[in-house]
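# Chain and residue survey
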Amino acid sequence: QYYRDMRDRLDKAEWMAKFQQQPFVREGLTYPIEELRFFDGFLPVGNCSTIAHIDVAFGGGDRLSMPICKDFGEEKKYIVGWIHDSRSPGFTVPRVVDAIDRYYITKLFIEKNSGGQLYAEKVSEEMKNRGINHCKIELYSAPNKISKNDKISGYSDYVKRNFLFLQTKSRDFYEEDIDFYKADADYRKALDEMTTFSIEGKGKQFDDSPDSI
């Protein structure tokens, strides 16, 4: 709790440098935290679709990143959950299917490239074994004429305008409350990675989180 309070009080750059050993330079950030929109965990009333996207990983330091979105339309896309895990598919596939079940995800997008098709087959098999059939997996090919950094930068204004992210400050609500969403450790890691990413590539950084979003 001491460190949670400290994190909430400190400037993000100071917190990351002093307590996470991940210093970053403010200049050139694609998603400065002050430019993002946030919500308190409660969603508006109305119809929405629940979709997710997986940036696949097979271990070795790379991270699987899976933001989960309750989409109410333009400017109302709420990122309610996020799997952000550097372990192998043996660990992450069950977590992905858990999320499909828990959030009732109806559409899951996975990029074919870099082993995505194999990963989709593993997820489909796990869903079948559990009797989960409400989610459709859609495979797609990433454009090869545009770099990853250009893609991240090109979509950044759209994300800032239309997406809302969970506040990460401590709150005294029950996790089980179906109407309330709370940022867990994965969500915090993903958001930290996203808000310290620079297309200028200064220092050690990962792009899984901003790429998946």
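Everything quoted here is computed from the prediction, not taken from an experiment. (Residues numbered from 1 in each chain as written. Predicted model: local features only at pLDDT ≥ 70, side-chain atom pairs only at ≥ 80, totals over all residues. Heavy atoms only, no water.)

The number of helices and strands found in the protein is 7 helices and 7 strands. The linear arrangement of helices and strands in the protein, starting from the amino end, is α-α-β-β-β-β-α-β-α-β-α-β-α-α. Counting the 213 residues in the protein, one finds 42% classified as buried. For the protein, the exposed area adds up to about 11800 Å²; of that, 47% sits on carbon and sulfur atoms. (Helix = DSSP H or I, 4+ residues; strand = E, 2+ residues; numbered from the N terminus. Buried < 20%, exposed > 50% of the residue type's maximum accessible area, 1.4 Å probe, protein only. Areas by Shrake-Rupley, 256 points an atom, 1.4 Å probe, with all protein chains shown as cover.)

On to the packing of helix 3 (residues 89-103) against helix 4 (residues 116-130). Two elements in contact, helix 3 and helix 4, have axes separated by 9 Å at closest approach and are oriented at 55°. The angle between helix 3 and helix 4 falls in the class oblique. Here the hand of the crossing between helix 3 and helix 4 comes out right-handed. Within the contact between the two elements, helix 3 uses P89, T92, V93, P94, V96, V97, D98 and I100 and helix 4 uses Y119, K122, V123, E126, M127 and R130. Here the residues of the contact of helix 3 with helix 4 are counted per class, giving 9 nonpolar, 1 polar and 4 charged. (Axes fitted to C-alpha atoms, helices over the stretch in contact; angles between N-to-C directions. Parallel < 35°, antiparallel > 145°, perpendicular 65-115°, else oblique. Left-handed = near helix turned anticlockwise from the far one by under 90°. Contact = heavy atoms within 4.5 Å. Nonpolar A, V, L, I, M, F, W, Y, C, P; charged D, E, K, R; others polar.)

Grouped together as the largest cluster of nonpolar side chains are 46 residues, with contacts concentrated most on M66, V96, L108 and F165. With residues up to four places along the chain from it excluded, the contact list for F165 reads L36, R37, F38, F39, I79, W82, V159, Y187, L191, M194 and I213. (Core = buried A, V, L, I, M, F, W, Y, C linked by side-chain atoms within 4.5 Å.)

Before going further, it helps to spend a moment on the layout of surface pockets. Space inside the second largest pocket adds up to approximately 640 Å³. Surrounding the second largest pocket, 24 residues form its lining, H53, F163, D211, S212 and I213 being those nearest its centre. Those elements that place two or more of their residues in the lining of the second largest pocket are strand 2 (49-54), strand 3 (64-71), strand 4 (77-85), strand 5 (107-111), helix 5 (148-162) and helix 7 (208-212). Take the lining of the second largest pocket: its biggest share by element is 5 residues, from helix 5. Residues that form the lining of the second largest pocket fall into these classes: 17 nonpolar, 2 polar and 5 charged. (1 Å grid on protein atoms, 1.4 Å probe; cavity = no way out; pocket = protein on both sides within 12 Å on 5 of 7 lines; lining within 4 Å. Points joined across faces, edges and corners; volume = space filled by probe spheres on them.)

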